[in-house]
Amino acid sequence: MDTPHSAEAAADRRASNTVTAVVGLAVVALALVFIFNTNVFTSNWYAFFKWVHVTGAVIWVGGGLTLTILALRAERSSDPTEMALIARQAAFVGERIFAPVGLLVLGMGIGMVVNLNLDWGTSWILIGLIGYAITFLTGLLVLGPQSKRVGQLIDTQGPDAAETQAAIRRILLIARVDEGMLLLVVAAMILKPFT
Ligand code: HEM
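(A) Local environment of the side chain of glutamate 179. Secondary-structure assignment places glutamate 179 in helix H5 (residues 162–191). No salt bridge is formed by the buried glutamate 179; the nearest opposite charge belongs to arginine 176, separated by 9.7 Å. Setting aside anything within four residues of it in sequence, one finds glutamate 179 in contact with Val61, Gly64, Leu65 and Thr68.

(B) Representation of a nonpolar patch on the surface within the structure. The grouping of Ile110, Val114, Trp120, Leu126, Leu129, Ile130 and Ile134 at the surface amounts to a nonpolar patch, some 590 Å² of accessible area in total. Contributing elements (two or more residues each) for the nonpolar patch: helix H3 (80–116) and helix H4 (123–156). For the nonpolar patch, the leading source of residues is H4, giving four residues. Judged by its relative accessible area of 55%, valine 114 falls in the exposed class.

(C) The packing of helix H2 (residues 44–77) against H3, seen in detail. Direction vectors running N to C along H2 and H3 enclose 160°, while the axes themselves pass 8 Å from each other. Classified by the angle their axes make, H2 and H3 are roughly antiparallel. Both H2 and H3 take part in a crossing whose hand is left-handed. Class assignment for the residues of the contact of H2 with H3 results in 23 nonpolar, nine polar and four charged.

(D) Representation of H2 in the model. The first and last C-alpha atoms of H2 sit 49 Å apart over 34 residues, in line with the 50 Å expected at 1.5 Å per residue. With its phi angle positive at about 50°, serine 78 sits one or two positions after the end of H2.

(E) Structural view of the packing of aromatic side chains. Counted under the stated rule, the structure contains seven aromatic pairs. Where phenylalanine 41 meets tyrosine 46, the ring centres are 5.6 Å apart and the plane angle is 45°; that geometry is what we call tilted. Judged by its relative accessible area of 12%, tyrosine 46 is buried. By way of ring pairs, the aromatic residues Trp45, Phe48, Phe49 and Trp51 are connected into one cluster. Over the aromatic face of tryptophan 124 sits the side chain of lysine 192, whose NZ or CZ is 4.6 Å from the ring centroid.

About the thresholds
Residues numbered from 1 in each chain as written. Predicted model: local features only at pLDDT ≥ 70, side-chain atom pairs only at ≥ 80, totals over all residues. Heavy atoms only, no water. Helix = DSSP H or I, 4+ residues; strand = E, 2+ residues; numbered from the N terminus. Buried < 20%, exposed > 50% of the residue type's maximum accessible area, 1.4 Å probe, protein only. Lys, Arg positive; Asp, Glu negative; His and termini not counted. Salt bridge = Lys/Arg side-chain N within 4 Å of Asp/Glu carboxyl O. Contact = heavy atoms within 4.5 Å. Patch = residues over 30% accessible without salt bridge, like charges linked within 9 Å, V, L, I, M, F, W, Y side chains within 5 Å. Areas by Shrake-Rupley, 256 points an atom, 1.4 Å probe, with all protein chains shown as cover. Axes fitted to C-alpha atoms, helices over the stretch in contact; angles between N-to-C directions. Parallel < 35°, antiparallel > 145°, perpendicular 65-115°, else oblique. Left-handed = near helix turned anticlockwise from the far one by under 90°. Nonpolar A, V, L, I, M, F, W, Y, C, P; charged D, E, K, R; others polar. Expected span 1.5 Å × (residues − 1). Phe/Tyr/Trp six-rings, centres within 6.5 Å; stacked < 30°, edge-to-face > 60°. Lys NZ or Arg CZ within 6 Å of the ring centre and 35° of its normal.

In structure tokens:
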């Protein structure tokens, strides 16, 4: 049976979900208006692909940078519980948000190259493709399995155990290198060097 407290919490949750949905729909609707009213791009499709591509990159790279900053802060405070919390949150967003959004960024990038008939051998496009391949393989072969191991270590040995903390530090360090590489891809996309 619902207690007054749980009924109130459910109502709050519904209100929060409604606001999130309204904000999300408003952003998409207005962005579509912008897409159909821009003269900067040769086609509406290209404008759409670029909007999704760059928005995805903002979510992916910006989200990763925020996690990096939080991880550095936790490392400085030497608080094992905070480190464990960030490792768990990084594992969650890495798998559920960054991986699918990264795929969307790749798909829209390919869409733009095809739409404008760009040369696949152009340096900044190659840098994007190689960068994506590296980050995909790092996630699949290193970060994914390692974050599962960290989760198990937290459950079995506890967040304070030396082995758990060492594994967390290692995974956060690898994620930091990955983030640096993504920031380099962003620089290549913006500056289009060697062309
Ligand atoms: C690691 C993944 C990637 C990230 C983080 C990323 C990020 C970005 C960003 C921030 C821009 C905006 C640059 C600007 O307008 O000045 C951009 C543009 C673009 N990206 Fe990517 N990108 C990635 C991968 C790719 C890939 C793999 C391709 C091709 C298959 C690609 C194709 C393009 C194209 C065609 C543009 C538009 C360039 C323009 O209109 O001047 N991107 N990307």
